[in-house]
Amino acid sequence: MLTPKRQRFHPVQNFVQTLGRDHAIQEMFAKDPKAVFAEFGLSDGEIAGLQEGTFGALDAIDLHPVFRMHWLMMSDPEGAKMMDVTEFLPVLQGGKQNG
């Protein structure tokens, strides 16, 4: 019998991932962010880091870089339009340049 794979994330990473996927949590967060932060067990420092939203603040709360990008895109949709990953494409494509 196979055991299902379970990932255990730090509470702040779990919060960001769930917020990005769960429409009910998104609706609750839009109405009462403090209640959602509490539901996920976030510390005052984690909440402050998310609210500040800078790369430094997100790094200080040990938010994984992928989750940082997700948080930044969710918390600042206009800023998300400025994000560009094309400089990383050669690395992702095994060193190939220009597609």
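Reading guide: rules and limits
- Residues numbered from 1 in each chain as written.
- Predicted model: local features only at pLDDT ≥ 70, side-chain atom pairs only at ≥ 80, totals over all residues.
- Heavy atoms only, no water.
- Axes fitted to C-alpha atoms, helices over the stretch in contact; angles between N-to-C directions.
- Helix = DSSP H or I, 4+ residues; strand = E, 2+ residues; numbered from the N terminus.
- Parallel < 35°, antiparallel > 145°, perpendicular 65-115°, else oblique.
- Contact = heavy atoms within 4.5 Å.
- Nonpolar A, V, L, I, M, F, W, Y, C, P; charged D, E, K, R; others polar.
- Core = buried A, V, L, I, M, F, W, Y, C linked by side-chain atoms within 4.5 Å.
- Buried < 20%, exposed > 50% of the residue type's maximum accessible area, 1.4 Å probe, protein only.
- Phe/Tyr/Trp six-rings, centres within 6.5 Å; stacked < 30°, edge-to-face > 60°.

Would you explain the packing of helix 1 (residues 11–21) against helix 2 (residues 23–31) in this entry?
Helix-helix packing is described using two parameters, namely the angle between the two axes and the distance between the axes. Contact pair helix 1 / helix 2: the axes reach a minimum separation of 6 Å and the direction vectors enclose 105°. Taken together, the axes of helix 1 and helix 2 lie roughly perpendicular to each other. Across the interface between the two elements, Phe15, Thr18, Leu19, Gly20 and Arg21 from helix 1 touch His23, Ile25, Gln26 and Phe29 from helix 2. Looking at side-chain class alone, the contact of helix 1 with helix 2 contains 4 nonpolar, 4 polar and 1 charged residues.

Whenever I open this one, the nonpolar core confuses me. Can you help?
Grouped burial of nonpolar side chains is what soluble globular proteins tend to show. Ranked by internal contacts, the top residues of the largest apolar core, which has 18 residues, are Phe15, Leu42, Leu50, Leu63 and Trp71. Every element with two or more residues in this core is listed here: helix 1, helix 2, helix 3 (33–39), helix 4 (44–52) and helix 6 (65–75). Considering each element in turn, this core owes the most residues, 4 residues, to helix 1. The residues contacting Trp71, other than those within four sequence positions of it, are Phe15, Val16, Leu19, Phe29, Leu50, Gly53, Leu58 and Leu63.

I tried to follow the packing of aromatic side chains on my own but got confused; where do I start?
What describes a pair of aromatic rings is the distance from one ring centre to the other and the angle between the planes of the rings. Scanning the entire structure with this criterion turns up 6 aromatic pairs. With a centroid separation of 5.7 Å and 50° between ring planes, the pair formed by Phe15 and Trp71 is classed as tilted. Here Trp71 lies in helix 6 and Phe15 lies in helix 1, a separation of 56 residues in the sequence. Residue classification places Trp71 among the buried residues on the basis of a relative accessible area of 5%.

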